[in-house]
Amino acid sequence: MAIYTEAEARKIMEKALSFSTADTCEINLSGSESGNIRYARNSVSTSGHRSNQTLVVQSSYGKKSGTATIDEFDDASLKKVVERSQELAKLSPENPEFMEPLGPQVYDKAINYVDDTANISPDYRTSVAKASIEPAVANDVTAAGFLDDSYGFSAMLNSNGLFAYNKSSNVDFTVTMRSNDGTGSGWVSRDFNDIRKFDAAEASKVAIDKAVMSREAKAIEPGKYTVILEPAAGENLIGNLGFAINARTADEGRSFMSKEGGGTKMGEKIVDERVNLWSDPLHPEVPTGTWNGSGQALKKTSWIENGVVKNLAYDRFWAKEKGVAPVPFPSNLIMGGGDASLEEMIASTKKGILVTRLWYIRSVDPQTLLYTGLTRDGTFYIENGKIKHPVKNFRFNESPIIMLNNLETLGKQVRINGNLIPYMKIRDFTFTSLSDAV
Amino acid sequence: MKRRNFVQLSGLGAGALLLPTTMLGNNIAAEALLEPGMDVLVKKRMADVALNTAKSMGATYADARIGRYLNQYVFTREDKVQNVVNTESFGIGIRVIANGTWGFASTNSVTEDGIKKATERAVAIAKANAKIQTEPVKLAPVEAHGEVSWKTPIQKDFKEVPVSEKVDLLLKANAAAMDNGANFVNSALFMVNEQKYFASTDGSYIDQDVHRIWPTFGVTAVDQSAGKFKTRQAMSAPMGMGYEYMDGLASEKLEGPAGMTLYRNSYDIVEDAILAAKQAKEMLTAKSVDPGKYDLVLEPNHLGLTIHESVGHPLELDRVLGYEANYAGTSFATLDKWKSGDFNYGSSIVNLVADKTQPGSLGAVGYDDEGVKCKQWDLVRNGTLVNYQAIRDQVNIIDQNESHGCCYAQSWNDVQFQRMPNVSLEPGKEKYSIKEMIKDVEKGIYIAGRGSYSIDQQRYNFQFGGTSFYEIKNGEIAGMLNDVAYQSNTQEFWNSCSKICDESDYRMFGSFFDGKGQPSQISAVSHGSSTTRFNDINVINTGRSI
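Position numbers for residues count from 1 along each chain, tracking the sequence in the order it is written. To label them, take the chains in the order written and letter them from A, then take the ligands in the order written and number them from 1. Residue-level local features of this predicted model are given only where pLDDT is at least 70; pairs of side-chain atoms are given and counted only at 80 or more, and the full residue set underlies all totals for whole chains, interfaces and linings.

Further remarks concern the overall build of chain A. Along chain A, the regular secondary structure elements total 10 helices and 17 strands. Just to be clear, the radius of gyration here is over C-alpha atoms, and the globule rule we use is 2.2 Å times residues to the power 0.38. A compact globule built from 438 residues would reach a C-alpha radius of gyration of about 22 Å, and chain A, at 24 Å, matches this within 12%. The principal-axis extents of the C-alpha atoms in chain A amount to approximately 70 × 60 × 35 Å. In chain A, buried positions account for 54% of the 438 residues. Contact between residues is assigned whenever the C-beta positions, reconstructed from backbone atoms, fall within 7 Å. Looking at chain A alone, contacts between residues at least 24 apart form 73% of all its contacts between residues at least 6 apart. In DSSP terms, a helix is any run of H or I states spanning at least four residues, a strand is any run of E spanning at least two, and both are numbered starting from the N terminus. Residues are called buried when their C-beta atom has 20 or more other C-beta atoms within 10 Å, exposed when it has 12 or fewer, and partly exposed otherwise; all C-beta atoms are positioned from the backbone.

Within chain B, the regular secondary structure consists of 9 helices and 30 strands. Counting only C-alpha atoms, chain B reaches 70 × 55 × 45 Å along its principal axes. Considering chain B as a whole, with its 546 residues, one finds that 57% of them fall into the buried category. Pairs at least 24 residues apart make up 75% of the contacts formed inside chain B by residues separated by at least 6 positions.

Residue and element names in this part refer to chain B. The split into domains, and so the bounds of each, comes from an automatic or database assignment of domains. When the domains of chain B are assigned, the result is domain 1 (3-170 + 186-215) and domain 2 (288-541). For domain 1 and domain 2, the distance between their C-alpha centroids amounts to 27 Å. Opposite the 36 residues of domain 1 that make contact, domain 2 presents 29 residues. Among the elements of the structure, β4 (61-77), β5 (80-98), β6 (101-107), β8 (184-200) and β9 (204-223) are those that each provide at least two residues to the side of domain 1 that touches domain 2. Among the elements that make up the side of domain 1 that touches domain 2, the one with the highest residue count is β9 (6 residues). Note on residue classes: Ala, Val, Leu, Ile, Met, Phe, Trp, Tyr, Cys and Pro are nonpolar, Asp, Glu, Lys and Arg are charged, and everything else, Gly too, is polar. Classifying every residue of the side of domain 1 that touches domain 2 by side-chain character gives 18 nonpolar, 11 polar and 7 charged.

UniProt positions are given in the numbering used here, feature names are shortened, and annotations may be inferred rather than shown by experiment. UniProt feature "domain: Metalloprotease TldD/E C-terminal" (unreviewed entry): in the numbering of this structure it lies at residues 222-432 of chain A. What you have in residues 222-432 of chain A is 17% helix and 38% strand, and the ends, taken at the C-alpha atoms, are 6 Å apart.

What follows deals with the UniProt feature "domain: Metalloprotease TldD/E C-terminal" (unreviewed entry) in chain B. Here the UniProt-annotated "domain: Metalloprotease TldD/E C-terminal" (unreviewed entry) positions come out as residues 291-539 of chain B. The distance separating the terminal C-alpha atoms of residues 291-539 of chain B is 5 Å; by composition the span is 14% helix and 36% strand.

Right, let's talk about the domain arrangement of chain A for a bit. Size of an interface: often given as the accessible area lost when the parts come together. Residue and element names in this part refer to chain A. For chain A, the assigned domains read domain 1 (6-211) and domain 2 (217-438). The straight-line distance from the C-alpha centre of domain 1 to that of domain 2 is 26 Å. Taken together, the contacts link 27 residues of domain 1 with 24 residues of domain 2. Secondary structure elements with two or more residues in the side of domain 1 that touches domain 2: β4 (141-158), β5 (163-179) and β6 (185-192). Examining the composition of the side of domain 1 that touches domain 2, we find that 5 residues originate from one element, β6, more than from any other. Tallied by class, the residues present in the side of domain 1 that touches domain 2 amount to 10 nonpolar, 13 polar and 4 charged.

Turning our eyes to something else, we now look at the UniProt feature "domain: Metalloprotease TldD/E N-terminal" (unreviewed entry) in chain A. The UniProt record annotates "domain: Metalloprotease TldD/E N-terminal" (unreviewed entry) at residues 25-89 of chain A. Annotated as 23% helix and 65% strand, the span residues 25-89 of chain A places its first and last C-alpha atoms 11 Å apart.

For the rest of this paragraph, the subject is the sheet that holds β4 of chain A. Residues and elements named next belong to chain A. What makes two strands pair is DSSP finding at least two bridges between them. One open sheet accounts for 6 strands, arranged β3-β2-β1-β4-β5-β6; its pairing is antiparallel. For this open sheet the edge positions go to β3 (64-70) and β6, each flanked by a neighbour on one side alone. Averaged over neighbouring strand pairs, the angle between their axes works out to 15° when direction is ignored. Note that strand β1 (residues 24-40) and strand β2 (residues 43-61) share 17 bridges and pair antiparallel. Note on β2: the bridge partner recorded for S32 is N52. On top of the sheet, helix α2 (residues 75-91) reaches β2 and β3; it is set at about 150° to β3, its chief contact. Note on method: axes are straight lines fitted to C-alpha atoms, helices fitted across the in-contact stretch only, with angles between N-to-C directions ranging 0 to 180 degrees.

Turning next to the UniProt feature "domain: Metalloprotease TldD/E central" (unreviewed entry) in chain B. If you check UniProt for "domain: Metalloprotease TldD/E central" (unreviewed entry), the listed places come out as residues 157-269 of chain B in our numbering. For residues 157-269 of chain B, the helix share is 16%, the strand share is 43%, and the end-to-end C-alpha distance is 19 Å.

With 70 residues of chain A at the contact, the number on the chain B side is 52 residues. Among the residues making up the side of chain A that touches chain B, the classes are represented as 22 nonpolar, 32 polar and 16 charged.

This next bit is on the pairing of strand β14 (residues 386-390) of chain A. All names here are of chain A. In this sheet, β14 lies alongside strand β13 (residues 370-383) in antiparallel orientation, the contact comprising 4 bridges. Note on β14: the bridge partner recorded for E383 is K386. Counted between consecutive antiparallel strands, the loop separating β13 from β14 contains 2 residues, among which N384 sits at a positive phi close to 45°.

All names here are of chain B. In spatial order, the strands read β17-β16-β15-β20; together these 4 strands make up an open sheet with antiparallel pairing. Among the strands making up the open sheet, the edge pair consists of β17 (384-385) and β20 (422-425). Where strand β15 (residues 352-355) lies against strand β16 (residues 376-381), 4 bridges are found, and the strand directions are antiparallel. Bridging from a neighbouring strand, V353 pairs with D378 of β16. Contacting β15, β16 and β20, helix α5 (residues 300-312) crosses the sheet at an angle of about 110° to β20.

This next bit is on the environment of N393 of chain A. For N393 of chain A, the position within the fold is in the loop between β14 and β15 (394-398). Judged by local crowding, N393 of chain A falls into the buried class, with 31 C-beta atoms found within 10 Å. Taking the C-alpha atoms as reference, N393 of chain A lies 6.8 Å from L374 of chain A; in sequence the two are 19 residues apart. When near neighbours in sequence (up to four residues on either side) are disregarded, N393 of chain A contacts L374, T375, R376, T379, S435 and A437 of chain A together with D456 of chain B.

Residue and element names in this part refer to chain B. It is the contact of helix α3 (residues 163-179) with helix α4 (residues 269-285), at a shortest axis distance of 8 Å, that shows an interaxial angle of 25°. With respect to α4, the axis of α3 lies roughly parallel. The chirality of how α3 crosses α4 is right-handed. Contact residues: L169, K172, A173, A176 and A177 in α3; I269, V270, A273, I274, A276 and A277 in α4. Of the residues belonging to the contact of α3 with α4, the class tally is 10 nonpolar, no polar and 1 charged. Working rule for angles: under 35 degrees goes down as roughly parallel, over 145 as roughly antiparallel, 65 to 115 as roughly perpendicular, anything else as oblique. We call a crossing left-handed when the near helix sits turned anticlockwise from the far one by less than a right angle, and right-handed when that turn is clockwise.

The next point concerns the nonpolar core. Only buried residues count toward a nonpolar core: Ala, Val, Leu, Ile, Met, Phe, Trp, Tyr and Cys, linked into one set through C-beta atoms within 7 Å. Grouped together as the largest cluster of nonpolar side chains are 252 residues, with contacts concentrated most on A50, I92, V96, A177, A273 and I445 of chain B. The element contributing the most residues to this core is β8 of chain B, with 10 residues. Ignoring any residue separated from it by four or fewer positions in sequence, one finds V96 of chain B in contact with A54, A59, Y61, A62, G103, A122, V123 and A126 of chain B. Formed by 27 residues, the second largest nonpolar core is a distinct cluster that contains I12, L29, A89 and Y165 of chain A.

With that settled, consider the packing of helix α1 (residues 40-56) of chain B against helix α2 (residues 112-130) of chain B. All names here are of chain B. Running from amino to carboxyl end, α1 crosses α2 at an angle of 35°, the nearest separation of the two axes being 9 Å. In the packing of α1 onto α2, the handedness of the crossing is right-handed. Here α1 contributes M46, V49, A50, T53 and A54 to the contact with α2, which in turn contributes E112, I115, K116, T119, E120 and V123.

Right, let's get into helix α6 (residues 231-242) of chain A. Residue and element names in this part refer to chain A. Multiplying one less than the number of residues by 1.5 Å gives the expected span of a helix. Helix length check: α6 (12 residues) gives 15 Å between terminal C-alpha atoms against 16 Å at 1.5 Å per residue, within 8%. α6 sits mainly inside the fold: 11 of its 12 residues count as buried. Along α6, the residues classified as buried are P231, A232, A233, G234, E235, N236, L237, I238, G239, L241 and G242.

This paragraph deals with the environment of G240 of chain B. Relative to the assigned elements, G240 of chain B resides in the loop between β10 (228-233) and β11 (253-255). The exposure class of G240 of chain B is buried, given the 27 C-beta atoms found within 10 Å.

Shown next as structure tokens:
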């Protein structure tokens, strides 16, 4: 399967566009290659490889649009897919929210593609599994992990003269290590655009150490505790806050960002003034593509600045309705951190809980952004500045808004799930019940 | 969830619906859904190319699945059509055992050459992985079925119903909700047809035509002056049925408490939208629950999700064994508990049955995705754990020699593995209605429809919300409640099960999007039950002031 260069992609799309007789036509072309290996019970269970390439054509007559897709790009196929999208457009109802395709745009050059990631081989994937399984066996724990790597390109061309092209690469790794006596469990997650930053043995050791340290956890009473959330735990809740920045639902009165009496919380202080949340497609640690599916340029955008709502995301239609400039949705989330190391955060805690990650998080009340879920794979009791012992897992019911108002300390940022999130110390985090799960 | 694995097909606003990308294929015209797929004789010839190639390369077993997956989705909000999507995906997946190890490859090039190449890749993957394999595959025997076929018993093929009729019905439901006080309505119709051909070196050639449908909506009422909003979801269930599910037959309606209408095998979306608008408005000012212990009366469209999470998942054998440890988790229902023969999963009236045959259910097929004829079997009988859910390469671990027939892949492009069958609670044997059940409760809450759900990775501790909550005081419904969620432990919860309504109240809950595996695959599954009472369950108040 071909990963087309910018020139090759443009040539295919220009050919397709030459067949268009619609009022407007927008073409997206993308292709990807991905490979994975999965292991459990200290043995490889499955591995696979996938290739995808798709050309999507959206043709419009007035406010009527039709979309057709194809995965073959010879002239006859390109003509067929354009004609099919035009037939569908003529048959479809008018979309009152239709927006004319954008004209030419200026994009930053994306930095989220690395050749080494694209060159990952099946042998490399096997070596990652071995780097987990061998130390697991040596430490009397059982490994279950998954490595998924991919690379590809996306391109866009339309009848108003817009052209965009990005290449990207990505690798995701997670491993769960469970002690063979069944009483301890550890986990680690790593994700990068650049595979050279990934060390499977180092990551696996983190999970093994947690599995060993978390054995024979003690039960303590649920309630409100000071917590130190590792970035994986914090990201789960900050990511959900990111879903709430939609201006339209806020304007419609059905979002946490809606204001009592009408309007939105734009400009209001909603969390501690040390909280800063932004997105930046060119951040070297968490780079993304520099344009979105509507062809809009993605730029560094502040969402929360010194605790105040700085921006809400407006799609092109809603921006027009409200007479404001569109603000594209974020492609990553970056939360500002501090200087404190994890060791310093623990040392300054009289009584608290260290949380590795949160699991099975679901919205309980969209009005208050209340979420529930559980701690998992390494939860520890801290007393007088030291980790005393592992504790049984808790269920929490907490809102990221309440949590960020109860901020004590910000620590160092870590990349997790494509976002950059700091270690956070939070007071009065609400645990509502105990779980026997290991 | 990672955003890049999902696509947003419509601006559904609050609770935007993100669909797994795997639910899509190539966009086509609605009329093209009706075009016939590859002829069954050609499919047989193509499948044989895979089987013969695999055998010639030293595979000891091979199966081939030629799949054509047709989907139609319709999205509307208020008086607008947002999107109509028709998709088709066609290809072949080939699975082999070589050197005692599984290998899998797939291709959308369903030609002799394309299939040969994919088969060679599957065998090469198996041989490569065999080098670090420590547990050689042991397959349970399966009957050779020869050339057979199976079809979901539908009355109306969604593909033959004009899109305009579907759009009109959704817009009518939206208008009905708006007329009754709703501020926003998002509605959608999902329709799926899986045309699956399976062949294996064990001598089966199985042609199946599977249909599913799911109408749904969210009706939102907003009190802008108070800064409050409430959404009431549809009381429909996704079903293994044709478009006849949308007929709204009076004979399939049940009278619920507090003026609610509940639906069995036929759904009246306009009527439900009217009630939803009224309930959403009432929820804006309903009383916030006092936390404490309550007897819960759980409606089947609510209880289904609790069954799914607290019974369906923990009894998947691959979870029990640790194959899902890094993603979905493991299970409290360990082999020693099953082997003891007296593990008390629930009270003595609790009978939980696994099933792949129940008409109208999402899990119903004639044969699973490794050619095993489908059946029903017990998981919990008279409160005691008696079995798991297992497929051909697993049953030897629980000393059984017959697969349960619950192997599934979401498409030709994905490898099949153990997936949850329908898991249902048998109705009570004595005649007993919802009315009688409510009359017998002194301090309780009636919960209808699905809401927030969360459970730990070994399936002990869970918390569930719902769609609609009504307080029960001294045998009477005493008004609507807000901010209700219940927390319990699986074994304690099922042991507190004190009464189950009879089969006249039996209905199915369903989910289109049960997720499992890495890379993750979705599966559709139903859970039947009658309204059931659980005593002394811990209810928390989820209201917060910010």
